[in-house]
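Structural overview
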Amino acid sequence: MTRIGSILTLCLVLCGCGRHIGDPVPSSCGVCGGNVVPISSVADDRIKPSRNISVWNRSICANPFYRDSDVICTKCAHAYSTMLKAWSLALQDSGGFQKPLHVSILDFPLPSSSNVTFGIVYRQTLAASNRTDSVSFWCLDDEQYLAIIQRYSGSSGLSLRETKGNGRLTNQVHVLAEHKMRSNKTPGN
Ligand SMILES: [Zn+2]
């Protein structure tokens, strides 16, 4: 092989890893210490519930926060985004988290199932110095229910964001309740 050919081969090998200098990918899980694998090596089995809605939200929009070279834990399913510099796991099942959600999120009063208009999602995110547990969903804009969750959030120290829908979503409201904690975890290991 010529010298130029060797240099080209070396460039292809270096670029082929798909990683970006300055964006280190953790070698183990920052949440449970488990093994991690590239997200691109894991298939999304659409017959089953998404193993992490942060990565596979199954909408028609691609998720811009995760690169193929970012990693997911084989044990607890938290995924690391080099862009967000955080580990995140989102599930519809509040009991599916290896590190249990904060009790204020587990006990968050949900609307009746007939008033939920779009899926309830629980999320746990660990960044450099904080951990955020949250629950979010769309529901019917019911004043009585909203008063209940405002009181609950106030007494539980939750941050509550209500966003009223418009157009097709008139009479609906998006609810996001978050519990933030300080964390000593280093997100990138
Ligand atoms: Zn893990």
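1. Brief notes about the sheet that holds strand 1 (residues 36–38)
If you walk across this open sheet you meet the 8 strands as 1-2-3-4-5-6-8-7, and the pairing is antiparallel. Each having just a single partner strand, strand 1 and strand 7 (159–164) make up the two edges of the open sheet. Averaged over all neighbouring strand pairs, the angle between strand axes comes to 25 degrees, with direction disregarded. Pairing of strand 3 (residues 79–81) with strand 4 (residues 86–91), which is carried by 3 bridges, proceeds in the antiparallel orientation. Residue pairing in the sheet places Tyr80 in a bridge with Trp87 of strand 4.

2. Some points on the confidence of the model for the chain
Across the chain, the average pLDDT comes to 85, with 84% of residues at 70 or higher. The secondary structure element of the chain with the lowest average pLDDT is helix 1 (residues 3–16), at 39, and the one with the highest is helix 2 (residues 103–106), at 98. Segment residues 1–20: pLDDT under 50, and 5 contacts once partners within four positions in sequence are set aside and those in other chains are kept.

3. Quick word on the nonpolar core
Grouped together as the largest cluster of nonpolar side chains are 33 residues, with contacts concentrated most on Ile72, Cys73 and Ala79. Here the element with the most residues in this core is strand 4; it accounts for 5 residues. Discounting chain neighbours no more than four positions away, the residues touching Ala79 are Ile39, Asn52, Ser54, Val55, Tyr66, Asp70, Ile72, Trp87 and Ser88.

4. What about the pairing of strand 8 (residues 172–182)?
Here strand 6 (residues 130–140) runs beside strand 8; their pairing, made up of 11 bridges, is antiparallel. The partner of Ser136 across the bridge, within strand 8, is Leu176. As judged from the 6 bridges shared by strand 7 and strand 8, these two strands associate in the antiparallel manner. Its bridge partner being in strand 8, Glu162 is matched across the sheet by Val175.

5. Considerations on the environment of Asp93
Structurally, Asp93 can be placed in the loop between strand 4 and helix 2. Here the alpha-carbon distance between Asp93 and Arg123, two residues 30 residues apart in the chain, equals 9.9 Å.

Quick notes on the rules
Residues numbered from 1 in each chain as written. Predicted model: local features only at pLDDT ≥ 70, side-chain atom pairs only at ≥ 80, totals over all residues. Pairing = 2+ DSSP bridges. Helix = DSSP H or I, 4+ residues; strand = E, 2+ residues; numbered from the N terminus. Axes fitted to C-alpha atoms, helices over the stretch in contact; angles between N-to-C directions. pLDDT = per-residue confidence, 0-100. Contact = placed C-beta atoms within 7 Å. Core = buried A, V, L, I, M, F, W, Y, C linked by C-beta atoms within 7 Å. Buried ≥ 20, exposed ≤ 12 C-beta atoms within 10 Å, placed from the backbone.

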